[in-house]
Amino acid sequence: MAIVAKKPELLTDAHLHYCPGCTHGIVHRLVAEVLEELGCADAAIGIMPVGCAVFGYNYFKCDMFQAAHGRAPAVASAVKRVHPDSVVFSYQGDGDCSSIGMAETVHAAARGENFTLIFINNGIYGMTGGQMAPTTMEGVKATTCIYGRDPKVNGNPIHLSEMLATLTGPAYIERTACCDPANVRKTKAAIKKAFEIQLAKKGFSFIEVLANCPSNYHMTALESMEFVKTKAIPFYPLGVYKDITKEDK
Amino acid sequence: MKKLWKGNEAIAEAAIAGGCRYFFGYPITPQNEIPEYMSWRLAEEGGAFIQAESEVSAINMVYGAAGAGARAMTSSSSPGISLKQEGISYLAGAEVPCVIVNMMRGGPGLGGIQPAQGDYFQAVKGGGHGDYHCIVYAPGNIQEFVDVMYDAFDVADKYRNPVMLIGDGMIGQMMEAVEIPEYKDLNKLPPKPWASQGHNGGVQRLINSIKIDPNDLEDHNHRLFKKYAEIEANEVKYEEYLTEDAEIVFVAYGSVARICKAAINELREEGIKVGMLRPITIYPFPKKPLAALAEKANVKKFLTVELSMGQMVEDVRLSVNGKKPVDFYGRCGGVVMMPADLVKYVKEGK
């Protein structure tokens, strides 16, 4: 019988520590599938954040770093400078990438560092138990804004892809979602494009994935997917925000 | 051949001679000549320099480059070193060898930019969170800074531990005739099979400081402290100056020790028996030689001299362990004592 689908070799057999219904596992798999399809899994070096994906190194067989909170883009920049022929990715949540690590994110992008940043945006701090993130939408409840985010008190959410797209440095920026099979396939295509950009040494690539957090949204897995679809996507429009391969034409 | 070098530039060149190929830094006085020099010089050597967006980012770039197997360093001055402390704790926890230079200035807060030694506690007692140590050198002149820097990466690699060199604006900014040693051959350095650099042959290399199981973390701490015990046994460096018959033993490090030497020579000319123990490593601290001096009949007291309100003096007291009195003379805020101040202090105190 022909094999039509199998677990990527790059992933280990470790049980995922993520909550039931969380999309981290899907994105891990997509990264692994893409690296294998591009034939560069052996050259991969991953930089894991602080947040839910802190133990992400348990699920990949390639060489890995666990970075300080928010500093993955700085670590990734240096790793890539030392080993320009390796394939470097950082994998970061919204607290890591768009709050404590905003400076590292912006400056790695501005320098056009030739690595791929996978940004998981679920609008909440997952690991620490549901606090407000920079990306938490107005009105959404979190443990540090229990009546819902009020811009007058809690400030406004950040659209990171749009913001980074104003910079000259990045080569590729796309926002996708992980809420249904069609969007998962689009996410995979985006991740693939990002790594192709890196392999072509064109510079910084950034994929923002709208993800869920059933535990801290206090929703079932399906409800959380529905939330991404009906609430997050309209507020954080999907699409390509920067593509220098198009500009080259 | 000896050449006239500015301290900061000589230190940068000595790092390259010692194998450094990656430098990550952020501007802060009085160490700016180090990143400035590295910015063009490392490119010539096939390495890389990044002017980081912050000291926080710079130390994490060191974590990346050194964790990927390269000889990497950063430099800064007191407030910038404070910003790097979280990263230094990660480097120590993940056992990533690297070199950090602190050209100290006066504090607390933004403080000033003149020479000071107020970062002693920060350098030797941890600095960042958790139980750990950097190996800390406090060279006394530019040549010694060059020589220590030259071997600093070897020491860091040997123990897989961060090494810190502390100086001050005086050492960084002055010029002296120094000799840069022969350039080390990078191809002859010991391999780093633990480094995370891709193509791992199926066995993952991981640079990591999280041990979520308390038992694992306790074991890890015990393992680190076994290493520190080895460092304490092997790496203590110090100089004794005219201590054979000394009645008063100065204890001072870095540029202050040089000022003390001038004062000691002057006092000796007047027949006052003074000498000095100068720690070159401040972690590990020369506890045993100090304890041995404290046992000697000719030694009446110790005088610790620092550009601070009194930090190293605590380690001197612990080492002397009540055997002899330990006095302290300090200036701070960037005010530097003159040899005459020390001569006067000793003569009036006798």
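Rules used throughout
- Residues numbered from 1 in each chain as written.
- Chains lettered and ligands numbered in written order.
- Predicted model: local features only at pLDDT ≥ 70, side-chain atom pairs only at ≥ 80, totals over all residues.
- Helix = DSSP H or I, 4+ residues; strand = E, 2+ residues; numbered from the N terminus.
- Rg over C-alpha atoms; globule rule 2.2 N^0.38 Å.
- Contact = placed C-beta atoms within 7 Å.
- Pairing = 2+ DSSP bridges.
- Axes fitted to C-alpha atoms, helices over the stretch in contact; angles between N-to-C directions.
- Buried ≥ 20, exposed ≤ 12 C-beta atoms within 10 Å, placed from the backbone.
- Nonpolar A, V, L, I, M, F, W, Y, C, P; charged D, E, K, R; others polar.
- Domains from an automatic or database assignment.
- Parallel < 35°, antiparallel > 145°, perpendicular 65-115°, else oblique.
- Left-handed = near helix turned anticlockwise from the far one by under 90°.
- Right-handed = clockwise from strand over helix to strand, strands pointing away.
- Core = buried A, V, L, I, M, F, W, Y, C linked by C-beta atoms within 7 Å.

Here the focus is the overall build of chain A. When helices and strands are counted, chain A shows 10 helices and 9 strands. Its C-alpha radius of gyration of 17 Å places chain A within 12% of the 18 Å reference for a compact globule of 249 residues. Residue pairs in contact within chain A that sit at least 24 positions apart in sequence constitute 68% of those at least 6 positions apart.

Two orientations exist for strands paired in a sheet by backbone hydrogen bonds: parallel and antiparallel. Strand order across the open sheet formed by 8 strands is E9(A)-E7(A)-E8(A)-E4(A)-E3(A)-E1(A)-E2(A)-E9(B), with mixed pairing between neighbours. The open sheet terminates on both sides in strands that have one partner only, identified here as strand E9 (239-243) of chain A together with strand E9 (206-207) of chain B. Along the sheet face, helix H7 (residues 181-199) of chain A touches strand E3 (87-93), strand E4 (116-121), strand E7 (172-177) and strand E8 (205-210) of chain A and points at about 160 degrees away from the line of E7(A).

Moving on: helix H4 (residues 102-111) of chain A. Burial in H4(A) covers these residues: A:Glu104, A:Thr105, A:His107, A:Ala108 and A:Ala109. Looking one or two residues beyond H4(A), the residue adopting positive phi is A:Gly112, at roughly 70 degrees.

Our next topic: the interface of chain A and chain B. Listed per partner, the contact involves 28 residues of chain A and 31 residues of chain B. Sorting the residues of the side of chain A that touches chain B by element identifies strand E1 (44-48), strand E2 (63-66), helix H2 (72-82) and H4 of chain A as the ones contributing at least two each. Among the elements that take part in the side of chain A that touches chain B, H2(A) stands out by supplying 8 residues, more than any other. Looking at the side of chain A that touches chain B residue by residue, the class counts come to 17 nonpolar, 5 polar and 6 charged. In terms of strand pairing, E2(A) meets E9(B) through 2 bridges, oriented parallel. Opposite A:Met64, over in E9(B), you have B:Leu206 as the bridge partner.

Turning next to the domain arrangement of chain B. All names here are of chain B. According to the domain assignment, chain B consists of domain 1 (3-190 + 209-234) and domain 2 (239-349). Between domain 1 and domain 2, the C-alpha centre-to-centre distance is 27 Å. Facing the 27 residues of domain 1 at the interface are 22 residues of domain 2. Taken together, the elements giving at least two residues each to the side of domain 1 that touches domain 2 come down to helix H5 (120-124), strand E6 (135-137), strand E7 (162-168), helix H7 (169-173) and helix H8 (214-234). By residue number, the principal contributor to the side of domain 1 that touches domain 2 is H5, which donates 4 residues.

Before going further, it helps to examine the environment of A:Val54. With respect to the helices and strands, A:Val54 occurs in the loop between E1 and E2. The exposure class assigned to A:Val54 is buried, which follows from the 20 C-beta atoms found within 10 Å. For the pair A:Val54 and A:Gln92, spaced 38 residues apart in sequence, the C-alpha to C-alpha distance is 8.9 Å. Ignoring anything within four residues of it in the chain, the contact list for A:Val54 reads A:Met48, A:Pro49, A:Gln66, A:Met127 and B:Ile210.

Residues and elements named next belong to chain B. Strand order in the open sheet formed by 7 strands is E3-E2-E4-E5-E7-E6-E13, with mixed pairing between adjacent strands. The open sheet has two free edges, formed respectively by strand E3 (48-51) and strand E13 (281-283), since each of these has just one partner strand. Along the sheet, successive strands turn relative to each other by an average axial angle of 20 degrees, direction set aside. The pairing of strand E4 (residues 72-76) with strand E5 (residues 98-104) spans 4 bridges and is parallel. Across the sheet, the residue bridging to Met73 is Val99, located in E5. In this fold helix H3 (residues 55-67) packs onto strand E2 (22-25), E3, E4 and E5, with an angle of close to 165 degrees to the strand it touches most, E4. Packing against the sheet, helix H6 (residues 142-159) makes contact with E5, E6 and E7, and its axis sits at approximately 160 degrees to E7.

The description of two helices packed together rests on the angle between their axes and the distance between the axes. All names here are of chain B. Running from N to C, helix H1 (residues 7-17) and helix H2 (residues 33-44) cross one another at 45 degrees; their axes reach a closest spacing of 8 Å. Put simply, H1 runs oblique to H2. H1 and H2 meet at a crossing whose hand is right-handed. In this structure, H1 uses Asn8, Glu9, Ile11, Ala12 and Ile16 to contact H2, whose residues at the interface are Glu33, Ile34, Tyr37, Met38 and Arg41. For the contact of H1 with H2, the per-class residue count stands at 6 nonpolar, 1 polar and 3 charged.

Residue and element names in this part refer to chain A. Most of E8 is tucked away: 6 of the 6 residues are buried. In E8, alternate side chains face the same way, and those of Ser205, Ile207 and Val209 on one face and Phe206, Glu208 and Leu210 on the other are all buried. Taken together, the 6 bridges between E4 and E8 define a ladder with parallel strand orientation. Looking at E8, one finds that Leu117 is bridged to Phe206. Where E7 meets E8, 6 bridges bridge the pair, whose relative direction is parallel. Considered in E8, the bridge of Glu174 is made with Ile207. Once the chain exits E7 it traverses H7 before rejoining the sheet at E8, and the crossover so formed is right-handed.

Residue and element names in this part refer to chain B. Here the amide bond leading from Thr29 into Pro30 is cis, since omega sits at 10 degrees, within 30 degrees of zero. Residue Tyr283 is joined to Pro284 through a cis peptide bond whose omega torsion reads 0 degrees. In this fold, Pro284 is placed in the loop between E13 and helix H10 (287-295). One non-glycine residue with positive phi stands out, namely Glu95, at about 55 degrees. With respect to the helices and strands, Glu95 occurs in the loop between helix H4 (78-93) and E5. The backbone phi angle of Leu242 is positive, close to 55 degrees, even though this residue is not glycine. Within the secondary structure layout, Leu242 lies in the loop between strand E10 (238-241) and strand E11 (248-251).

It is worth spelling out the pairing of E2(B) at this point. Residue and element names in this part refer to chain B. Both faces of E2 are covered, namely the face carrying Tyr22 and Phe24 and the face carrying Phe23 and Gly25. Chirality of the crossover, the property in question, places the unit of E2, H2 and E3 among those that are right-handed. One ladder, built from 2 bridges, connects E2 with E4; its direction is parallel. Across the sheet, Tyr22 pairs through a bridge with Ala72, a residue of E4.

A word on the packing of H2(A) against H4(A). Residues and elements named next belong to chain A. Where H2 contacts H4, the two axes come as close as 7 Å, and the packing angle between them is 30 degrees. Residues Pro73, Ala74, Ala76 and Ser77 of H2 touch H4, and the partners they reach there are Glu104, Thr105, Ala108 and Arg111. Here the contact of H2 with H4 is built from residues that sort into 4 nonpolar, 2 polar and 2 charged.

Within the largest apolar cluster, 189 residues are counted, with the highest numbers of intra-cluster contacts made by A:Ile118, B:Val62, B:Ala65, B:Val99, B:Val136 and B:Cys260. The greatest single-element share of this core, amounting to 9 residues, is contributed by H6(B). Each residue touching B:Val136, except ones within four places of it in the same chain, is listed here: B:Ala123, B:Val124, B:Met164, B:Ile166, B:Thr281, B:Ile282 and B:Tyr283.

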